[in-house]
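Descriptive structure summary
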Amino acid sequence: MLATVLHGKGDIRCEEVAEPKILKPTDAIIKLAASCVCGSDLWPYRGLQPMGGPAHMGHEYCGVVVEVGDEVKTVKPGQFVVGSFCISDNTCPHCRFGFPSSCEQREFMSGAQAPYARIPLADGTLVATPEMPADDLIPSLLAVSDVLGTGWYAADAARVQPGSTAVVVGDGAVGLMGVLSAKQMGADKIIAMSRHKARQDLALEFGATHIVSERGDEGVARIKELTGESVLECVGTQEAMTQAMNCARPGGHIGFVGVPHGVQIDGQTLFFAQKSLMGGPAPVRRYLPYLMDLVLNREINPGKVFDLEIPLADVAEGYRAMDERRAIKALLRV
């Protein structure tokens, strides 16, 4: 089958690879309905993350189960499923505490930019829909598996509550999902920090009430005019984390979900800031049933974050478009 393989900086290829097989009795094989390029895929693509050799890409997925291992009990062939980018058993102490993304058996999904994918720990990772979803819901169900779940975690970790004010640092796909999530959680004011018209427009559609284009001290001043009790950091750079830290008021909460690259926080600064930090890989499996229901009931449409749709064979253009900020997020039809 054809699948996406990253060979090195800027060298992304759609090439022939072996079809996945059941390797453990807890595995499942799914036929993907769609896949996509994630913002975190751009780190190794840009050469900013070390690689140990060619890497099979893709960790966001949904589709139909075609085969299961002998020990899989909760999903069966023919069911449509959505899974988390973090593989988990959903039974270990960390999972039961609500953090399946720190499961004692955790693996990170890979190889989902392809027609078929192997899902380890299928019982703990996959959630089936009651029936086969309509085709127009596929992009939104795909978004649930990572980008929406991650934006939701950013808002949850920042303790967004009904009537609160949320500030979203980052106008990429995760930041836009953070806006949508804050709206669903009942935030009264949602401030999207963005300088890009198309992204500003989508943020407003998802529920943003204010757009702040300023950065640095000027941006902090604008935010504090509106208050900053909950701040969502959705980028992973030093600049974004500094912005988030400075935007939050004392006693405020920062949910950080951007994969950190070169981010450092000074202990003394943190001590006197009196702000709480919660973040890391999103516990998407915790949120899957609820978020899937919102999509299936057509209460939200996170699939709008995909502003470029291309065949899997053209995946290199998807990476280029996102890298050059010509696209927010590329959907791959497989």
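Below, the structure is looked at part by part. Bear in mind the structure is a predicted one, so any value in this text is a computation, not a measurement.

Focus on the environment of Val 284
You can see Val 284 is positioned in helix α11 (residues 284-296). Between the C-alpha atoms of Val 284 and Cys 92, which are 192 residues apart in sequence, the distance is 16 Å. Those residues in contact with Val 284 that sit more than four places away from it in its chain are Ser 84, Phe 85, Val 144, Ser 145, Asp 146, Gly 149 and Thr 150.

As for the layout of surface pockets
Counted as a void, the second largest pocket has a volume near 270 Å³. As for the second largest pocket, its lining consists of 17 residues, of which Pro 20, Ser 110, Gly 111, Ala 117 and Arg 118 are closest to the centre. When residues of the lining of the second largest pocket are traced back to their parent elements, those giving at least two are β8 (107-108) and β9 (116-119). Of the residues assigned to the lining of the second largest pocket, the class counts are twelve nonpolar, three polar and two charged.

Focus on helix α12 (residues 315-323)
Where α12 is concerned, the buried positions are Val 315, Gly 318, Tyr 319, Ala 321 and Met 322. Considered in projection along α12, the buried side chains sweep an arc of 165° and stay on one side of the axis. Among the structural elements, β1 (2-8), β2 (11-16), α1 (42-45), β17 (308-311) and β18 (330-333) are those in contact with the buried residues of α12. Immediately downstream of α12, the backbone of Arg 325 shows phi near 60°, a positive value.

Description of the pairing of β1
Within β1, five of the seven residues are buried, which leaves the element mostly enclosed by the surrounding structure. By the bridge criterion, six bridges tie β1 to β2 in an arrangement that is antiparallel. Paired with Leu 2 across the strands is Glu 16, a residue of β2. In this structure, the hairpin formed by β1 and β2 is closed by a connection of two residues, where Gly 10 is found at a positive phi of approximately 70°. Two elements, β1 and strand β4 (residues 55-56), share two bridges in a ladder whose sense is antiparallel. Within β4, the residue paired with Val 5 across the bridge is His 56.

Cut-offs applied
- Residues numbered from 1 in each chain as written.
- Predicted model: local features only at pLDDT ≥ 70, side-chain atom pairs only at ≥ 80, totals over all residues.
- Heavy atoms only, no water.
- Helix = DSSP H or I, 4+ residues; strand = E, 2+ residues; numbered from the N terminus.
- Contact = heavy atoms within 4.5 Å.
- 1 Å grid on protein atoms, 1.4 Å probe; cavity = no way out; pocket = protein on both sides within 12 Å on 5 of 7 lines; lining within 4 Å.
- Points joined across faces, edges and corners; volume = space filled by probe spheres on them.
- Nonpolar A, V, L, I, M, F, W, Y, C, P; charged D, E, K, R; others polar.
- Buried < 20%, exposed > 50% of the residue type's maximum accessible area, 1.4 Å probe, protein only.
- Arc of directions from axis to C-beta.
- Pairing = 2+ DSSP bridges.

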